[in-house]
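# Survey of secondary and tertiary structure
Okay, here's what each chain looks like letter by letter:
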Amino acid sequence: MSQRALSPIDRLIATADNALRTLSGNTEATERPSPAAGQPATELSDNERRHAAGLMRVNHSGEVCAQALYQGQALTAKLPSVRHEMEKAAGEEVDHLAWCELRLKELDSRTSLLNPLWYGLSFGIGAAAGLISDRLSLGFVAATEELVCEHLHSHLERLPDQDNQSRSVIEQMAIDEESHAKKALAAGGLPFPAPAKKLMTLASRVMTSASYRL
Ligand SMILES: [Fe+2]
Ligand SMILES: [Fe+2]
């Protein structure tokens, strides 16, 4: 539903609803079934399974952040067209969230206990960027998506070789995130300078190493 027709109170309720749904751990993919569904089940040792689950938990936390970031921006973006773009991208991220949740369940694992914290922080950053300017907001999306792509590619190298199910999920996510980054820049996003990207990389390390364990 377009938020352009909603009052500020309605928008706040829709935002709270998204937060609860994102953190519930029971997301359903909107349109696309998980790419893992087409892969034969693989045998993993306990250690391999724990490691794959740690990586998928990090990816899931990244998707929680993406939901929060897009929702925060949608709440404060000034141009309706930008708000609409953000909502559309957030919708596409729902599939990623659902795929990661499903893979974690298949690996007999769980989502990160820290997700409410990541959601809150990302929502605040997204809302602040949207308040400052739409171009900054879109630039932040592009820089974030690029960073996520880097993580996803590194996870492809670190996953157990035979875990084709996790691999197929990550590969499709990387394709989608790359297109989100390009769209955000094409829509007028400010390209972030290298030092800003470096700072974001450092901040993301806190999240990735914490979510891997917790
Ligand atoms: Fe995503
Ligand atoms: Fe994305």
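Please refer to the structure placed before this passage.
Residues numbered from 1 in each chain as written. Chains lettered and ligands numbered in written order. Predicted model: local features only at pLDDT ≥ 70, side-chain atom pairs only at ≥ 80, totals over all residues.

Another aspect to go through is the environment of serine 211. Tracing the sequence through the fold places serine 211 in helix α7 (residues 194–213). When the C-alpha positions of serine 211 and cysteine 65 are compared, they lie 12 Å apart, and in sequence the two are 146 residues distant. When residues no more than four places from it in sequence are discounted, the contact partners of serine 211 are Arg57, Val58, Ser61, Ser112 and Leu114. (Helix = DSSP H or I, 4+ residues; strand = E, 2+ residues; numbered from the N terminus. Contact = placed C-beta atoms within 7 Å.)

This paragraph deals with helix α6 (residues 164–186). Spanning 23 residues, α6 covers 33 Å between terminal C-alpha atoms, matching the ideal 33 Å at 1.5 Å per step. Gln165, Ser166, Arg167, Val169, Ile170, Met173, Glu177, His180, Ala181 and Ala184 are the residues of α6 that are buried. A positive phi of about 110° marks glycine 188, the residue just after α6. (Expected span 1.5 Å × (residues − 1). Buried ≥ 20, exposed ≤ 12 C-beta atoms within 10 Å, placed from the backbone.)

This paragraph deals with the packing of helix α1 (residues 8–24) against helix α4 (residues 115–132). α4 packs onto α1 with a crossing angle of 145° between their chain directions and a minimal axis gap of 10 Å. The two elements α1 and α4 cross, and the hand of that crossing is right-handed. When α1 is examined against α4, the residues Ala19, Thr22 and Leu23 are found in contact with a partner set consisting of Asn115, Pro116 and Tyr119. (Axes fitted to C-alpha atoms, helices over the stretch in contact; angles between N-to-C directions. Left-handed = near helix turned anticlockwise from the far one by under 90°.)

This part is about the environment of leucine 55. Its location among the elements puts leucine 55 in helix α2 (residues 46–76). Note on leucine 55: 25 C-beta atoms within 10 Å, which makes it buried. Sequence-wise, leucine 55 and leucine 152 are 97 residues apart; in three dimensions their C-alpha atoms are separated by 9.3 Å. Ignoring any residue separated from it by four or fewer positions in sequence, one finds leucine 55 in contact with His155, Arg158 and Leu159.

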